[in-house]
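Residue-level structural notes
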Amino acid sequence: MKPIRIALTKGRLEKDTVALFERMGMDTTQVKEKGRRLILPVPDPWTPVRSIEVVLAKAADVITYVEHGVCDLGVVGKDTIAESGGSFYEVLDLGFGRCRFALAAPKGSDFFSGYQARTVASKYPGVSRAYFERKGMDVEIIRIEGSVELAPLLGLSDAIVDIVETGSTLRENGLEVVEEIMPISARLIVNMACMKLRKSEIEDLIGAMEHQL
Ligand code: PRP
């Protein structure tokens, strides 16, 4: 039988997921010694039917591979899900990769006062737009690819919408949280057709993962 294929977001979420597989008794040697390989088998010596194949991808691509059904499952942050959307089932909050979306601005600036037009920089324009729409505020959003904290420091924007984990990037750049927008953590997602076609195998794997969280 063909193994269940699971796309993991490279980096932190990959490491936390591999640690979870280890707690489940799976053999993660190949992922740990992957070199530059991107598709790795993760055998389960105790329950061979639960053996899987891991695919390492960028966060947004995890969603693409799962949506198209070339991967059955995916592990991706709620931040990427909130920004990209898509058609898949979000079945489990894995509890790791915890952080939050926040609106942040230079310390002491009063973002919400006054009537002047405001500009906000973000790697997450969709999340930012939805947040300001909920508030009924007309804000110009500028998309930035990384180190978004630079935008207000350089005078490009009044504030940023970004991920805050420890808060040290904000602190060390003279910024502070104005408002928290939404908590984030890693989620397990499933292709909609695979969920039907391989229901018992997928449910068994989800159950085993949930048991070790
Ligand atoms: C993320 C985020 C913040 C930082 C927050 O950036 O965009 O810059 O981490 O973490 P902290 O609250 O613990 O300081 P990342 O490291 O992913 O790099 P990027 O800004 O280049 O995307």
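Now for a look at the structure at hand. Source: prediction; values computed, not measured.

**Some thoughts on the overall build of the chain**
When helices and strands are counted, the chain shows nine helices and eleven strands. Dimensions along the principal axes, computed over C-alpha positions, put the chain at roughly 65 × 35 × 30 Å. Here the chain holds 213 residues, and the buried ones make up 45% of them. Taking contacts inside the chain between residues at least 6 apart in sequence as the whole, the part at least 24 apart equals 65%. Summed over all atoms, the accessible surface of the chain reaches about 11000 Å², with 51% contributed by carbon and sulfur. The positive charge centre, built from 27 side chains, and the negative charge centre, built from 31, are 3 Å apart in the chain.

**Here we look at the side chain of Asp72**
Structurally, the position occupied by Asp72 is in the loop between helix 3 (59-67) and strand 4 (73-77). Looking at Asp72, its side chain comes within polar contact range of the main-chain nitrogen of Arg5, at 2.7 Å.

**Topic: the site of the ligand**
As a matter of local geometry, the ligand sits amid Lys123, Gly146, Ser147, Glu149, Asp162, Ile163, Val164, Glu165, Thr166, Gly167, Ser168 and Thr169. With respect to the ligand, the backbone of Glu165 contributes an N or O atom lying 2.8 Å from an oxygen atom. In this structure, an oxygen atom belonging to the ligand sits 2.5 Å away from a side-chain N or O atom of Thr166. Protein chains bury 65% of the 500 Å² of accessible surface belonging to the ligand in isolation. Judged by its atoms lying within 2 Å of the grid points, the ligand is housed in the largest pocket. When contributions to the shell around the ligand are tallied by element, the ones reaching two or more residues are strand 9 (159-164) and helix 7 (168-172). By residue number, the principal contributor to the shell around the ligand is strand 9, which donates three residues. Residue composition of the shell around the ligand, by class: two nonpolar, six polar and four charged.

**Points about the environment of Phe111**
Structurally, Phe111 can be placed in the loop between strand 6 (99-106) and strand 7 (118-122). Sequence separation between Phe111 and Asp158 is 47 residues, and the spatial gap between their C-alpha atoms is 7.3 Å. When neighbours within four sequence positions are excluded, Phe111 is seen to be in contact with Leu103, Arg118, Val120, Phe132, Met137, Asp158, Ala159 and Val178.

**With respect to the layout of surface pockets**
A probe matching the size of a water molecule, rolled over the atoms, marks out where space remains unfilled. In this structure, the largest pocket spans a volume of roughly 820 Å³. Lining the largest pocket are 31 residues, and of these Asp79, Thr80, Lys123, Tyr124 and Ile163 lie nearest its centre. Breaking the lining of the largest pocket down by element, the ones donating at least two residues are helix 1 (12-23), helix 3, helix 4 (78-84), strand 9 and helix 7. Ranked by the residues each element gives to the lining of the largest pocket, the list is headed by helix 4, at four residues. Of the residues belonging to the lining of the largest pocket, the class tally is ten nonpolar, ten polar and eleven charged.

**Let's talk about the sheet that holds strand 8 (residues 139-143)**
Reading across from one edge, 8-7-9-6-10 is the order of the five strands in this open sheet, with mixed pairing throughout. Whereas interior strands pair on both sides, the edge strands pair on one side only; in this sheet they are strand 8 and strand 10 (175-184). Sheet twist, expressed as the mean angle between neighbouring strand axes with direction ignored, is 25°. Contacts between helix 5 (residues 125-135) and the sheet are confined to strand 6, strand 7, strand 8, strand 9 and strand 10, with strand 8 contributing the most and set at about 170° to the helix.

Here is what the cut-offs are and how they apply
Residues numbered from 1 in each chain as written. Predicted model: local features only at pLDDT ≥ 70, side-chain atom pairs only at ≥ 80, totals over all residues. Heavy atoms only, no water. Helix = DSSP H or I, 4+ residues; strand = E, 2+ residues; numbered from the N terminus. Buried < 20%, exposed > 50% of the residue type's maximum accessible area, 1.4 Å probe, protein only. Contact = heavy atoms within 4.5 Å. Areas by Shrake-Rupley, 256 points an atom, 1.4 Å probe, with all protein chains shown as cover. Lys, Arg positive; Asp, Glu negative; His and termini not counted. Charge placed at Lys NZ, Arg CZ, Asp CG, Glu CD. Polar contact = N/O pair within 3.5 Å; in protein donor to acceptor, adjacent residues only side chain to side chain. Near = heavy atom within 4 Å. 1 Å grid on protein atoms, 1.4 Å probe; cavity = no way out; pocket = protein on both sides within 12 Å on 5 of 7 lines; lining within 4 Å. Sits in = over half its atoms within 2 Å of the grid points. Nonpolar A, V, L, I, M, F, W, Y, C, P; charged D, E, K, R; others polar. Points joined across faces, edges and corners; volume = space filled by probe spheres on them. Pairing = 2+ DSSP bridges. Axes fitted to C-alpha atoms, helices over the stretch in contact; angles between N-to-C directions.

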